[in-house]
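Structural overview for review
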Amino acid sequence: MSDSAARDRDAAETASAFSHPPVAPDASAAYGSHPDQLIDFYAPRDGRAGAPVVVVLHGGSWRAPYDRQHVSPFADFLARRGFAVASVEYRRGSELPQQRGSGPVAGRWPETFDDVAAAMDALPALLARELRQADARRIVVTGHSAGGQLALWAAARHVLPEGSPWRLPAPPELRGVVALAPIADFATAVALDVCSGAVGQLLGGEEGFGERAPHADPAVLLPTGIATTVVQGTTDVDVPQAVAEAFVDAAAKAGETVGLTLLPEVGHFPLIDPAAGACAVVAEELAQLAW
């Protein structure tokens, strides 16, 4: 496929994914005092009790303009598949002060990670209060793009470096992780300039990379012992297949098997687009871990 054809396909896929109107949640709850520290809850549409839980961490390069609204149709799609869904908002990059607000920087350190850790820790109690159909013993985490990195990170907190404020003393009680086109290997993502330098911005530039990457890069937080699958489109021009493959290779070198589901002729956004067949594949991957 030519570069222009790939760009045209990506544009069409993006337009489709963003064409769905936002879907209001059944309930929302705060897990902190900041306005972005919220979780939206979607009840299983078939009314079942004891539904497995899918935690959704949205993407958007960890940048402020992209919030959980764009994955609300995806959350509703999963609810219609019988899942209880918890869609997490978190603090993202603010405006670049050195550019007087001309563009959003990726992520807020350490707040982005503070929030994901706090949301995951608060989740069982919030589920018991807000979504009683949910079975908190069966939780699968998923995330798209930058959210895929956060999903992998949430399952790896017990292998964070000693002294990390986010480190858990034992593995989190998760059924697994399904990471969707995740920014899962920082070195590869930087080499490919994924999302216009987002990884470097997240980690604070070259001076912060060496210090912060061991606390955030999924490719070095291995093995986790948590069942993990990566779903990746082969024609993704936003987070290329090479990033997923580098993470899977890193896991293998660490003695862990990570599943890799490659979807031919699929780009970045069909994975969260309810109108796309790729989204049904994602739901099936989640179901295999949840049930």
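Treat the numbers as computed from the prediction; the structure is a model and nothing was measured. (Residues numbered from 1 in each chain as written. Predicted model: local features only at pLDDT ≥ 70, side-chain atom pairs only at ≥ 80, totals over all residues. Heavy atoms only, no water.)

Some details on helix α3 (residues 111–130)
- The end-to-end C-alpha separation of α3 is 25 Å, well short of the 28 Å expected for 20 residues at 1.5 Å each.
- Residue L123 marks the point of greatest curvature in α3, where the axis turns by about 50°; the proline P124 follows within four residues.
- Of the positions making up α3, those classed as buried are T112, F113, D115, V116, A117, A119, M120, L123, L126 and L127. (Helix = DSSP H or I, 4+ residues; strand = E, 2+ residues; numbered from the N terminus. Expected span 1.5 Å × (residues − 1). Bend = angle between axes of the 7 residues up to and from the residue. Buried < 20%, exposed > 50% of the residue type's maximum accessible area, 1.4 Å probe, protein only.)

Some words on the pairing of strand β4 (residues 84–88)
- Where burial is concerned, most of β4 is hidden: five out of the five residues are buried.
- The two faces of β4 match: A84, A86 and V88 on one face and V85 and S87 on the other face are all buried.
- Sheet analysis places strand β2 (residues 38–42) next to β4, joined by four bridges and oriented antiparallel. Residue pairing for β4: D40 is matched across the bridge by S87.
- This β-α-β element, strand β3 (residues 51–57) to helix α2 (residues 72–80) to β4, shows right-handed connectivity. (Pairing = 2+ DSSP bridges. Right-handed = clockwise from strand over helix to strand, strands pointing away.)

Re the side chain of T261
- Secondary-structure assignment places T261 in strand β8 (residues 259–263).
- Residue classification places T261 among the buried residues on the basis of a relative accessible area of 19%.
- When residues no more than four places from it in sequence are discounted, the contact partners of T261 are T229, V230, V231, Q232, V281 and E285. (Contact = heavy atoms within 4.5 Å.)

Looking at the pattern of salt bridges
- Throughout the structure, instances matching the rule amount to 15 salt bridges.
- Here D26 ties to R45 by a salt bridge, and the two come within 2.7 Å at their closest N and O atoms. Of this pair, D26 sits in the loop between α1 (3–17) and β1 (27–30) while R45 sits in the loop between β2 and β3, placing them 19 residues apart in sequence.
- Within the structure, one salt-bridge network assembled from shared partners comprises D36, D40, R68, E89 and R92. (Salt bridge = Lys/Arg side-chain N within 4 Å of Asp/Glu carboxyl O.)

Re the side chain of E256
- Within the secondary structure, E256 is located in the loop between α8 (241–253) and β8.
- A polar atom in the side chain of E256 sits 3.0 Å from the backbone nitrogen of T224.
- The contacts of E256, once residues within four sequence positions are left out, are L222, P223, T224, G225, I226 and A251. (Polar contact = N/O pair within 3.5 Å; in protein donor to acceptor, adjacent residues only side chain to side chain.)

Description of α2
- A large share of α2 lies buried, amounting to eight of its nine residues.
- Within α2, burial applies to S72, P73, F74, A75, D76, F77, L78 and A79.
- Contact partners of the buried residues in α2: β2, β3, β4, β5 (134–144), β6 (176–180) and α9 (277–290).
- Of the residues one or two after α2, G82 is the one with positive phi, at around 95°.

Focus: the packing of aromatic side chains
- This model, assessed by the stated rule, comprises eight aromatic pairs.
- Note on W109 and W166: the rings are 5.7 Å apart at their centroids and 80° apart in plane angle, and the pair reads as edge-to-face. Residue W109 is located in the loop between β4 and α3, and its partner W166 is located in the loop between α4 (146–154) and β6; the two are separated by 57 residues in the primary sequence.
- We classify W109 as partly exposed; its relative accessible area is 23%.
- Here the aromatic rings of W153 and W166 are separated by 5.5 Å at their centres, their planes lie at 75°, and the arrangement is edge-to-face. (Phe/Tyr/Trp six-rings, centres within 6.5 Å; stacked < 30°, edge-to-face > 60°.)

Some points on the sheet that holds β1
- One open sheet accounts for eight strands, arranged β1-β2-β4-β3-β5-β6-β7-β8; its pairing is mixed. Two strands lie at the open edges of the sheet, namely β1 and β8, each paired on one side alone. Averaged over all neighbouring strand pairs, the angle between strand axes comes to 20°, with direction disregarded.
- One ladder, built from five bridges, connects β3 with β4; its direction is parallel. Its bridge partner lying in β4, V55 is registered against A86. (Axes fitted to C-alpha atoms, helices over the stretch in contact; angles between N-to-C directions.)

Some words on the packing of α2 against α9
- Relative orientation of the contacting elements α2 and α9 amounts to 55°, with a least axis distance of 11 Å. When the interaxial angle is binned, α2 and α9 end up oblique. As for how α2 packs across α9, the hand of that crossing is right-handed. Along its contact with α2, which presents F74, F77 and L78, the element α9 presents C279, A280, V282, A283 and L286.
- Class assignment for the residues of the contact of α2 with α9 results in eight nonpolar, no polar and no charged. (Parallel < 35°, antiparallel > 145°, perpendicular 65-115°, else oblique. Left-handed = near helix turned anticlockwise from the far one by under 90°. Nonpolar A, V, L, I, M, F, W, Y, C, P; charged D, E, K, R; others polar.)

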